[in-house]
Amino acid sequence: MTMYASFLENCQNNLYWKPTDRLLLAVSGGVDSMVLLDLIQRLPEGIKPWFGIVHVNHQLRDASIEEERFLSQYCKDKGIPFFLKRWSVKEHPAEGTEAAAREFRYGFFHEVLKEEQATHLLTGHHADDQMETILMRLVRGGQLESIAGIKKQRPFYGSLLTRPLLDYSKKSIYQYSRSRTLSFYEDETNKSLNYTRNRYRHQIAPLLKKENAKVLTHFSDFSSDLQDVITIAKKEIEEIASNTCFQRNSFCWELDVQQFLILEPAMKRQVMQFLFNKLFETETSDFGRKHQMQIISLLENDTPNSQLDLPGTWIGQRNYQKFYFLKEKGQHEESDKKIAVTLSLHLEEWVTLPNGARIGLFQATKEIEVPNKTKQVIWLDPASVRLPLQVRNRRPGDRMTLKGLETGSKKIKDLFIDQKIPLHKREEAILVTDSKEEIIWLVEYKESRLSIVPETDKIHYILIYESK
């Protein structure tokens with residue numbers, strides 16, 4: 001079967017696109033992209049969608065101007081829409097040029113996809129690219145999804161990035177080019193061993209091909225099989241992680257330690273990997289397996305309270321049966337806001353807290369509509385408290401008496417430890433004191449001896465905490 005016949009069959013069987021779709025072909029002028037362009041041009045009218053060419057002149061080589069002119073004239077002669085952008089020499093970085101060029105190129109592709117309402121971006125990646133990519137990622141290290149190699153089709157800025165030549169070898173692409181007498185340009189830098197991919201291409205790949213003539217097919221099958229397994233496994237891992245172990249709060253991720261510890265060791269590692277991907281999906285932090293294993297080891301030990309520094313600005317905190325992933329900077333900012341809370345509470349009024357909750361003080365003889373959202377209500381003897389009351393955050397050394405205990409007092413810190421309150425919750429805690437700084441209420445957690453049981457026909461104060 002000729003390459004064209006095989007390509008036509010693949011397009012129809014794999015349903016890469018529909019005749020009503022709109023394609024953009026990333027064409028550099030090299031043999032791979034020129035063969036892809038020729039194959040698309042030859043599609044029968046009944047299945048050929050609208051297509052245009054996107055080209056970036058990186059201005060890194062002298063030949064780039066000639067390549068740009070050639071493609072521009074080619075598209076003009078064939079009546080093909082042509083979209084061009086030059087990468088200014090002034091924008092070239094001193095180092096990391098290859099990565100920066102790719103970022104610039106794909107940024108331009110995204111712009112044209114949006115402007116032209118295109119559904120697909122096609123590139124000329126082939127089977128040799130696949131093998132080189134897998135080898136490089138294996139050596140460099142990474143997650144399975146990365147090691148699985150290049151996908152034939154994946155989402156790309158709301159469109160699809162498609163590689164229809166991924167099943168074909170570089171050798172077959174050259175053969176097709178010769179049979180069609182196609183014009184193309186050879187990038188002289190492809191021979192330089194200063195580039196990692198070129199070293200794999202010219203030094204390692206030939207040895208593997210000599211060892212086994214079908215090595216490209218085997219790498220292709222490996223990539224396809226591994227991607228299938230990953231797709232199936234990811235669904236189960238994500239379901240377990242999202243529904244059983246993890247939940248996201250306002251400024252942290254929370255892990256249920258008991259639920260996590262009943263998982264099989266393999267699932268623990270994969271669930272932890274899933275969470276790290278979530279934590280660092282918008283960051284370029286140097287996280288790795290060692291950090292995940294440190295957390296798993298910490299959870300499997302009996303230490304109720306501990307902390308780990310994680311990459312970037314993240315920290316991990318173990319608090320009994322909960323483990324929290326918090327932004328260190330964000331946590332400090334949050335704490336600063338809470339420490340600033342100092343409010344006076346007078347009779348017959350409400351005060352609003354920074355989180356939207358509120359606290360009110362009223363006489364019990366008045367008819368008071370207690371909202372359904374009220375979390376707690378306590379009663380006070382007017383003779384035992386001095387007004388106005390104060391509403392504030394806790395401070396180092398704070399102590400309070402406890403309802404039900406006739407003598408003694410206890411540190412707020414120790415109360416939190418006894419009740420296994422997470423560290424970030426301790427920072428949010430609100431106290432109510434009288435004007436002499438005697439603590440009346442550790443809101444939501446503990447009442448002092450000043451909290452009483454109301455008696456009939458007596459005047460009382462009622463203190464109401466209403467959540468947001």
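Owing to the predicted nature of the structure, the values given are computational and were not obtained by experimental measurement. (Residues numbered from 1 in each chain as written. Predicted model: local features only at pLDDT ≥ 70, side-chain atom pairs only at ≥ 80, totals over all residues. Heavy atoms only, no water.)

Undergrad: Help me out: how do you make sense of the overall build of the protein chain in this one?
TA: A count of helices and strands for the protein chain gives 15 helices and 23 strands. Scaling as 2.2 N^0.38, a compact globule of 468 residues should have a C-alpha radius of gyration of about 23 Å, whereas the protein chain reaches 33 Å, well beyond that. When its C-alpha atoms are laid out on the principal axes, the protein chain stretches across 105 × 45 × 45 Å. Classification of the 468 residues of the protein chain by burial places 43% in the buried group. Sequence-distant contacts in the protein chain: of pairs separated by 6 or more residues, those separated by 24 or more amount to 68%. As displayed, the protein chain offers around 25,800 Å² of accessible surface, 48% of which is attributable to carbon and sulfur atoms. A gap of 3 Å separates the mean positions of the 66 positive and 64 negative side-chain charges of the protein chain. (Helix = DSSP H or I, 4+ residues; strand = E, 2+ residues; numbered from the N terminus. Rg over C-alpha atoms; globule rule 2.2 N^0.38 Å. Buried < 20%, exposed > 50% of the residue type's maximum accessible area, 1.4 Å probe, protein only. Contact = heavy atoms within 4.5 Å. Areas by Shrake-Rupley, 256 points an atom, 1.4 Å probe, with all protein chains shown as cover. Lys, Arg positive; Asp, Glu negative; His and termini not counted. Charge placed at Lys NZ, Arg CZ, Asp CG, Glu CD.)

Undergrad: What should I look at first to understand the packing of helix 5 (residues 127-140) against helix 9 (residues 215-245) in this one?
TA: The angle between the axes and the distance between the axes are what describe a pair of packed helices. At a closest axis distance of 9 Å, the pairing of helix 5 and helix 9 adopts a crossing angle of 65 degrees. With respect to helix 9, the element helix 5 is oriented roughly perpendicular. Note that helix 5 runs across helix 9; the crossing there is left-handed. Mapping the contact onto sequence places Ala 127, Asp 128, Gln 130, Met 131, Ile 134 and Leu 135 in helix 5 and Val 215, Leu 216, Phe 219, Phe 222 and Ser 223 in helix 9. Of the residues belonging to the contact of helix 5 with helix 9, the class tally is eight nonpolar, two polar and one charged. (Axes fitted to C-alpha atoms, helices over the stretch in contact; angles between N-to-C directions. Parallel < 35°, antiparallel > 145°, perpendicular 65-115°, else oblique. Left-handed = near helix turned anticlockwise from the far one by under 90°. Nonpolar A, V, L, I, M, F, W, Y, C, P; charged D, E, K, R; others polar.)

Undergrad: Please clarify how unusual backbone geometry should be interpreted in this entry.
TA: Here the residue pair Leu 387 and Pro 388 is connected by a cis peptide bond, since its omega of 0 degrees sits within 30 degrees of zero. Structurally, the position occupied by Pro 388 is in the loop between strand 15 (374-380) and strand 16 (389-393). Even without glycine at this site, Gln 59 takes up a positive phi of about 55 degrees. Positioned with a positive phi, Glu 348 is a non-glycine residue whose angle comes to about 65 degrees.

Undergrad: Explain the environment of Thr 189 to me, please; I cannot follow it from the model alone.
TA: Tracing the sequence through the fold places Thr 189 in the loop between helix 7 (170-179) and helix 8 (196-211). The class of Thr 189 is partly exposed, set by a relative accessible area of 25%. Distance in space between the C-alpha atoms of Thr 189 and Arg 61 is 8.8 Å, their sequence separation being 128 residues. If near-sequence neighbours (up to four positions away) are discounted, Thr 189 is found in contact with Arg 61, Tyr 195 and Asn 198.

Undergrad: For this particular structure, what's the right way to read the sheet that holds strand 16?
TA: Hydrogen bonds along the backbone pair up the strands of a sheet, which may run parallel or antiparallel. The sheet built from five strands is open, its strands ordered 12-16-19-20-21 with antiparallel pairing. The two strands at the open ends of the sheet, each matched to only one other strand, are strand 12 (342-345) and strand 21 (446-447). (Pairing = 2+ DSSP bridges.)

Undergrad: Would you mind showing me how to read helix 3 (residues 64-78) here?
TA: Two residues of an α-helix separated by three or four positions point the same way, owing to the 3.6 residues in each turn. In a regular helix each residue adds 1.5 Å, so 15 residues correspond to 21 Å; helix 3 covers 21 Å between its end C-alpha atoms and thus fits that length. Among the residues of helix 3, Ser 64, Glu 67, Glu 68, Leu 71, Tyr 74 and Cys 75 are the ones counted as buried. Axial view of helix 3: buried residues confined to an arc of 130 degrees, hence all on one face. In helix 3, the exposed positions angled more than 90 degrees off the buried face are occupied by Arg 69, Lys 76 and Asp 77. Of the surrounding elements, those touching the buried residues of helix 3 are helix 2 (31-41), strand 2 (50-57) and strand 3 (82-86). Phi turns positive one or two residues past the end of helix 3, at Gly 79, with a value near 70 degrees. (Expected span 1.5 Å × (residues − 1). Arc of directions from axis to C-beta.)

Undergrad: Would you explain the packing of aromatic side chains in this entry?
TA: In this description, an aromatic ring pair is defined by two values, namely the gap between the centres and the angle between the planes. Overall, the coordinates contain 14 aromatic pairs when judged by the stated rule. Plain terms: the ring middles of Phe 108 and Phe 109 are 6.3 Å apart, the flat faces sit at 45 degrees to each other, and that makes the pair tilted. Here Phe 108 falls in the buried class, since its relative accessible area comes to 6%. Every member of this aromatic cluster is reached through a ring pair, and the members are Tyr 106, Phe 108, Phe 109, Phe 156 and Tyr 157. Taking NZ or CZ as reference, Arg 22 lies 4.0 Å from the ring centre of Trp 50, over its face. (Phe/Tyr/Trp six-rings, centres within 6.5 Å; stacked < 30°, edge-to-face > 60°. Lys NZ or Arg CZ within 6 Å of the ring centre and 35° of its normal.)

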